Structure formats: structure tokens, C-alpha cells
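Structural features, examined
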Amino acid sequence: MIPPGAPIVTAAQMRAAEEAVFRREPQLDVMERAGAAVAREAARFVHGSPILVLAGPGNNGGDAYVAARLLKAAGHDVAIAASGEPGTPAAREMHARWGGEVGSLYQARPRPVLVDGLFGTGLTRPLERGIAPVFAELVAAARFTLAIDLPSGLETDSGTDLGVPRGISATLALGALKPAHVLGAGLERCGHVLLADIGIPVESQWRTVTRPKLVAPGPRAHKYSRGLVVVVEGDMPGAARLAAHAAMAGGAGYTILACASDGGGGPDALVRHKIANGDDLADFLTEKRIGAVVIGPGLGRDRRAEGLLKAALGADLPLILDGDALTLLGKSAGAWLQRRNAATWLTPHAGEFERMFESDGDKITQTLAAASETRATVIHKGADTVIATPRGVVRVLAQASSWLSTAGTGDVLAGTLAAQVASGNKNAAEAAVWLHARAAALAGPAFIADALPMHLPQAISECL
Ligand SMILES: NC(=O)C1=CN([C@@H]2O[C@H](COP(=O)(O)OP(=O)(O)OC[C@H]3O[C@@H](n4cnc5c(N)ncnc54)[C@H](OP(=O)(O)O)[C@@H]3O)[C@@H](O)[C@H]2O)[C@@H](O)CC1
Ligand SMILES: Nc1ncnc2c1ncn2[C@@H]1O[C@H](COP(=O)(O)OP(=O)(O)O)[C@@H](O)[C@H]1O
Ligand SMILES: [K+]
């Protein structure tokens with residue numbers, strides 16, 4: 001579980017937000033609130049069991065001393081083990097307020113409930129060799145582990161594994177989510193992610209994906225006002241049909257398969273329009289009622305595919321580029337796409353993304369750079385799907401069904417997105433990613449991509 005619609009901030013942004021608050025309120029008061037939030041969450045899982053609180057040298061440790069004191073005051077059996085002396089003024093003061101015994105982390109005996117206050121946003125390098133195994137053993141022996149702010153051993157801005165153990169049950173994010181709660185190793189290591197308001201206002205253009213608000217067609221709606229989607233078929237016609245089917249079930253009023261074949265299979269309501277090559281497609285795309293074009297699923301990478309892609313890029317229509325279209329563009333994506341006047345969406349998986357962009361850094365930073373370079377909305381897919389726009393808006397979805405890891409589900413996403421774009425949804429990418437994930441959840445285990453569109457209407461009904 002990850003809170004939907006929650007702000008995501010980097011370690012530096014969180015520090016800046018904290019410092020703004022400390023100009024009007026003592027830091028110790030904020031830390032008391034953070035520790036109280038931790039104690040409240042931990043207390044829900046104690047059931048009379050002994051608690052071991054781990055305290056590191058920084059302010060994450062400061063939170064831990066507060067939580068330990070409050071849990072003890074509430075009558076729980078609490079022991080503290082520290083990795084060393086408290087190193088910040090606030091942590092020293094909270095250590096003093098605890099006033100009790102503090103054991104050494106290296107001699108700590110496991111207890112059924114563990115609170116991890118070793119490191120939070122200040123972790124800058126891999127866990128020292130001595131700490132990692134001791135910490136991992138304590139987590140393994142505990143029935144329940146609550147991490148304060150972040151599991152210790154996770155790099156805040158990237159979710160890179162710096163020695164974080166497996167088996168953490170829940171993580172209480174303080175003030176805002178950090179990228180590590182939704183990216184990389186954090187996906188598997190945070191357990192349930194909870195968010196505590198500790199009175200630090202944060203402003204962020206980055207959030208987790210939330211359920212969209214959709215509207216039913218108005219009384220005067222007709223098939224064109226609902227949105228006309230064109231899906232371009234290529235070498236693997238099944239992929240385009242999957243996208244077309246998803247566009248139809250995703251709410252488009254009219255879906256056309258632009259095909260060289262007879263476009264066999266698929267729903268009868270799907271309209272087929274014959275095109276032999278790029279010139280035919282260019283002619284067809286002068287139809288002004290078209291609300292979105294999808295090209296790339298099963299397109300192929302030969303000369304004909306290139307011709308079709310050029311025709312689609314040249315049309316002044318909203319365009320969704322997926323699969324082979326992305327690979328064909330490769331590193332020239334920026335040059336091609338910056339010329340376009342109409343909006344573009346790119347839906348690369350990790351492999352396609354790598355073929356298109358020279359990038360390093362965390363997945364959010366990479367995706368933002370790609371959006372800026374191409375002036376397109378980029379949906380960088382995977383277990384952690386990151387959406388970024390050229391204006392710096394970021395949405396992250398980190399809890400989609402892992403059963404989505406089957407061929408063809410990306411084609412379904414492209415079609416779902418096309419339906420949202422063609423219907424005029426201003427947040428089409430976020431809506432499509434939510435609907436796709438919800439359809440997957442409704443489809444249950446071991447579904448095939450063909451089954452996914454059938455669940456889109458139910459997903460849509462939950463957004464009306
Ligand atoms: N500001 C506030 O009042 C509030 C902050 N809040 C809380 O504070 C947390 C951030 O606190 P923080 O910035 O003090 O960093 P923290 O995560 O405790 O660790 C830094 C210490 O770890 C050390 N260290 C780093 N890497 C290491 C390694 N691999 N192995 C060993 N040591 C390592 C590092 O040493 P150094 O790098 O300086 O040598 C330094 O001593 C945040 O997550 C939230 O919980 C909330 O209470 C709200 C109010
Ligand atoms: N382990 C996973 N957890 C959640 N979502 C996943 C996972 N693996 C893949 N997905 C999602 O499934 C879809 C797969 O898309 P893609 O790789 O393009 O497949 P294809 O090209 O076969 O259609 C994407 O929406 C991706 O985010
Ligand atoms: K921690």
C-alpha cells in the first residue's frame with residue numbers, strides 16, 4: 001500500500017521545507033511530533049510484546065529516542081540500542097530526554113517489535129559492514145518492523161539499495177513521501193508505506209498516481225465527441241488490435257484500425273481502414289476529427305514501418321508513440337519530436353528508454369530529462385511507472401499488479417491512453433496509468449493481455 005496522491009520530495013527539498021518551519025518553530029517540537037507519530041503507529045502492532053528501538057547518530061535517531069520515550073510512557077516494554085553517540089544537537093537533546101539506558105546495536109538482543117531509527121534522509125553511503133548484518137538479523141528475528149521515515153540502507157532520492165535488509169513490515173514516511181518509497185529497491189523493501197503529517201508544509205509537482213475523476217458522456221454526446229482513435233497496424237497485427245480494443249473499452253467513441261491486412265479478429269465495432277504505406281496514412285490523417293493516433297505496437301522496424309512512422313509524426317494530431325516507434329526514433333527522438341506542434345506521449349519500457357535517451361540518475365530525474373528533451377509526456381513503464389511532463393509534473397505508480405509482466409499489456413496501456421487523450425482528458429497519462437493498473441487488479445492473477453481491456457469499463461465506473 002502506498003498513499004495515492006501523496007507529495008514526493010527529495011532529501012534536499014525535505015530539508016529546505018524543515019528549515020522553513022524551524023524559522024518559526026523550535027526543531028525539537030517538530031521532532032517530538034515525528035516521534036509521536038512513530039510511537040502511535042508502532043503501538044498499533046505491539047500487542048503487549050517487547051519493543052526494540054534502534055537509534056542512529058542523526059535526526060532519524062532523534063525521532064527514535066522520542067518514540068521510545070513515548071512508548072515507554074504508555075506502558076510498553078522498550079529497549080534502545082544505538083549505533084553510536086547521538087551526533088546532532090536535536091538527537092542529543094532527545095537522547096537526554098529519554099534518560100534511560102542505551103545499549104549497543106552490536107550487542108542488541110532481538111525483540112518481537114523493532115523500530116528502525118538508524119538512518120533516514122541523511123544516509124549518504126552504503127551501510128557500514130558492521131551495521132548491515134546486525135540490522136538484518138534483528139529485522140529477520142522480529143515479528144514486526146516499523147522503519148522511521150525510510151528503511152535504513154535505502155538511498156532517499158533513487159531507492160538504490162545501500163544495504164537495506166528484507167523483511168521490513170511498514171515504513172512511516174515523515175511529512176512527505178521520498179522517491180525511495182516508490183522507486184527501485186524501495187518498492188520491495190519499505191513494506192506498507194504510511195504517511196505522517198508532522199506539520200511541515202511541502203510543495204511539490206511530484207505525486208503518486210491517484211484515481212482520476214472521469215465524466216460520463218453528456219446528453220448530446222456522439223461518437224466523434226467521445227473521441228476518435230486511430231491505431232496503426234504493423235508487422236504484428238495482434239499488438240495493434242490489443243491497443244485498439246483497449247481504446248474502445250477505455251471509452252473512445254470511435255476506433256479505427258489503419259491496416260494493410262484485412263484487420264481480422266478483434267471486436268466487430270472496430271472499424272478497419274485500409275492503408276498500404278506511409279503516403280496512404282498521411283492522407284488518412286488529414287481527417288480533422290481524429291483525436292489521437294497510436295503507432296508503435298507491433299509496428300516492425302523496416303522501411304515500411306519507417307514510412308508509417310514519418311506519416312504519423314508529420315500529422316498535426318495528438319500522437320502516442322509506443323514499442324517499435326520508440327526504437328525507430330532511438331536517440332533522434334528529441335530532434336523529431338521538438339518539431340511537432342500537436343501533443344505527444346511516449347510510453348517506453350526500460351529497454352526502449354535506454355535506446356532513446358542518454359541518461360543517468362534516478363528514474364524520476366531521467367524521465368523528466370526525457371520529457372524536456374522531447375517536449376512530450378513520457379510514461380516510463382515498469383514496476384515503478386514514472387510519468388513526467390515537459391513542465392516538470394511527475395506522477396509515480398508503484399503498486400500495479402506484478403501479473404502485468406506479460407506480453408501485450410503495454411499495447412493495452414497505449415490504447416487506454418489514446419482513449420483518454422481523444423476524449424480530451426487533460427490528465428490523460430495519469431488517468432490511463434491508473435485505469436490500466438486497476439483493470440489488472442480486477443483481472444486477478446495470470447491474466448493474458450487480451451483479457452485486460454474487458455476490465456476497463458469496471459475501472460472507469462469507479463471513477464465516475
Ligand atoms: N531536521 C529535523 O529536525 C527533522 C528531521 N527528521 C528526521 O531526521 C532524518 C534526517 O536526519 P539527518 O539529516 O540527521 O540524517 P540521518 O538519516 O539521521 O543520518 C545522518 C547520520 O548518519 C550518518 N551516516 C550517513 N550514512 C552513513 C553510513 N552509511 N554509515 C554510518 N553512518 C552514516 C551521518 O554521518 P556523516 O555523513 O555526517 O558522517 C549522520 O551522522 C529524517 O529522515 C527524519 O527521520 C524528522 O524528525 C523531522 C524533523
Ligand atoms: N512487475 C511489474 N509490476 C507492475 N507493472 C508491471 C510489471 N511489469 C510490467 N508492468 C507493466 O506492464 C506493462 C508492460 O508493457 P510493455 O513492457 O511495453 O509490454 P508489451 O510491449 O509486451 O506490451 C507496462 O504498463 C508496465 O508498467
Ligand atoms: K530509518
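Whatever comes next refers back to the structure up there.
Throughout what follows, the structure given in this document is the object of discussion. Just so it is clear, the model here is predicted, and its values are computed rather than measured. (Residues numbered from 1 in each chain as written. Chains lettered and ligands numbered in written order. Predicted model: local features only at pLDDT ≥ 70, side-chain atom pairs only at ≥ 80, totals over all residues.)

Side note on helix α2 (residues 27-43)
Taking 1.5 Å as the rise per residue, α2 with 17 residues should run 24 Å; its terminal C-alpha atoms sit 24 Å apart, in good agreement. Looking only at α2, the buried set comprises Val 30, Met 31, Arg 33, Ala 34, Gly 35, Ala 37, Val 38, Ala 39 and Ala 42. (Helix = DSSP H or I, 4+ residues; strand = E, 2+ residues; numbered from the N terminus. Expected span 1.5 Å × (residues − 1). Buried ≥ 20, exposed ≤ 12 C-beta atoms within 10 Å, placed from the backbone.)

Thoughts on the pairing of strand β4 (residues 113-117)
In terms of burial, β4 is a largely internal element, five of the five residues being buried. Going residue by residue along β4, you find Val 113, Val 115 and Gly 117 tucked away on one face and Leu 114 and Asp 116 tucked away on the opposite face as well. With five bridges joining them, strand β1 (residues 51-55) and β4 adopt parallel strand pairing. When the bridges of β4 are listed, Leu 52 appears paired with Leu 114. Relative to strand β5 (residues 144-148), β4 runs parallel, the two being bridged by four bridges. (Pairing = 2+ DSSP bridges.)

With respect to the sheet that holds strand β16 (residues 385-388)
With mixed pairing, ten strands are arranged side by side in an open sheet as β8-β17-β16-β15-β14-β13-β12-β9-β10-β11. Lying at the two open borders of the sheet, with one neighbouring strand each, are β8 (206-208) and β11 (271-274). On average, each strand axis in the sheet is inclined to that of its neighbour by 20°, with strand direction left out of account. Here strand β13 (residues 319-321) runs beside strand β14 (residues 344-346); their pairing, made up of three bridges, is parallel. From the neighbouring strand, Leu 319 faces β14, where its bridge partner is Thr 344. Set on the sheet, helix α10 (residues 303-314) makes contact with β9 (228-232), β12 (290-295) and β13; between it and β12 the angle comes to about 150°. The strands that helix α16 (residues 428-443) touches are β14, β15 (377-380), β16 and β17 (394-397); relative to β16, the one it contacts most, it runs at about 165°. (Axes fitted to C-alpha atoms, helices over the stretch in contact; angles between N-to-C directions. Contact = placed C-beta atoms within 7 Å.)

A word on the pairing of β15
Neither face of β15 is left uncovered, since the one carrying Thr 377 and Ile 379 and the one carrying Val 378 and His 380 both have all their residues buried. Here β14 pairs with β15 via two bridges, running parallel. Across the sheet, the residue bridging to Leu 346 is Val 378, located in β15. With antiparallel pairing between neighbouring strands as the criterion, β15 and β16 make up a hairpin whose turn holds four residues, including Gly 382 at a positive phi of roughly 140°.

Comments concerning unusual backbone geometry
For Asp 149, which is not glycine, the phi dihedral falls at a positive 65°. Mapped onto the elements of the fold, Asp 149 is located in the loop between β5 and β6 (170-174). For Arg 375, which is not glycine, the phi torsion reads 55° and is therefore positive.

Considering the site of ligand 1
Lining the immediate surroundings of ligand 1 are 30 residues, of which Gly 58, Asn 59, Asn 60, Gly 120 and Gly 122 lie closest. Of all the secondary-structure elements, those providing two or more residues to the shell around ligand 1 are α2 and α3 (59-73). Among the elements that line the shell around ligand 1, the one with the most residues is α3, at five residues. Partitioning the shell around ligand 1 into residue classes produces twelve nonpolar, 13 polar and five charged. (Near = placed C-beta within 6 Å. Nonpolar A, V, L, I, M, F, W, Y, C, P; charged D, E, K, R; others polar.)

Observations concerning the sheet that holds strand β3 (residues 103-104)
A sheet is described by the order of its strands in space; here seven strands give the open sequence β3-β2-β1-β4-β5-β6-β7, paired in parallel fashion. Two strands in the sheet have a free side with no partner beyond their single neighbour: β3 and β7 (192-196). Here three bridges tie β5 to β6, and the two strands are oriented parallel to one another. Residue pairing for β6: Ile 148 is matched across the bridge by Leu 172. Strand contacts of α3: β1, β2 (78-82), β4 and β5, with the helix running at about 155° to β1, the strand carrying the most contacts.

Re the packing of helix α15 (residues 409-422) against α16
One can describe the packing of α15 onto α16 by two numbers: an axis separation of 8 Å at closest approach and a directional angle of 135°. Classified by the interaxial angle, the pair formed by α15 and α16 is oblique. Handedness of the crossing formed by α15 with α16: right-handed. Counting all contacts with α15, which are made through Val 412, Leu 413, Thr 416, Leu 417, Gln 420 and Val 421, the residues of α16 involved are Ala 428, Ala 429, Ala 431, Ala 432, Leu 435 and His 436. (Parallel < 35°, antiparallel > 145°, perpendicular 65-115°, else oblique. Left-handed = near helix turned anticlockwise from the far one by under 90°.)

Some remarks on the environment of Tyr 106
In this structure, Tyr 106 sits in the loop between β3 and β4. According to the C-beta neighbour criterion, Tyr 106 is exposed, with 10 such atoms within 10 Å. The spacing of Tyr 106 and Gly 84 is 22 residues in sequence and 9.9 Å in space, taken between C-alpha atoms.

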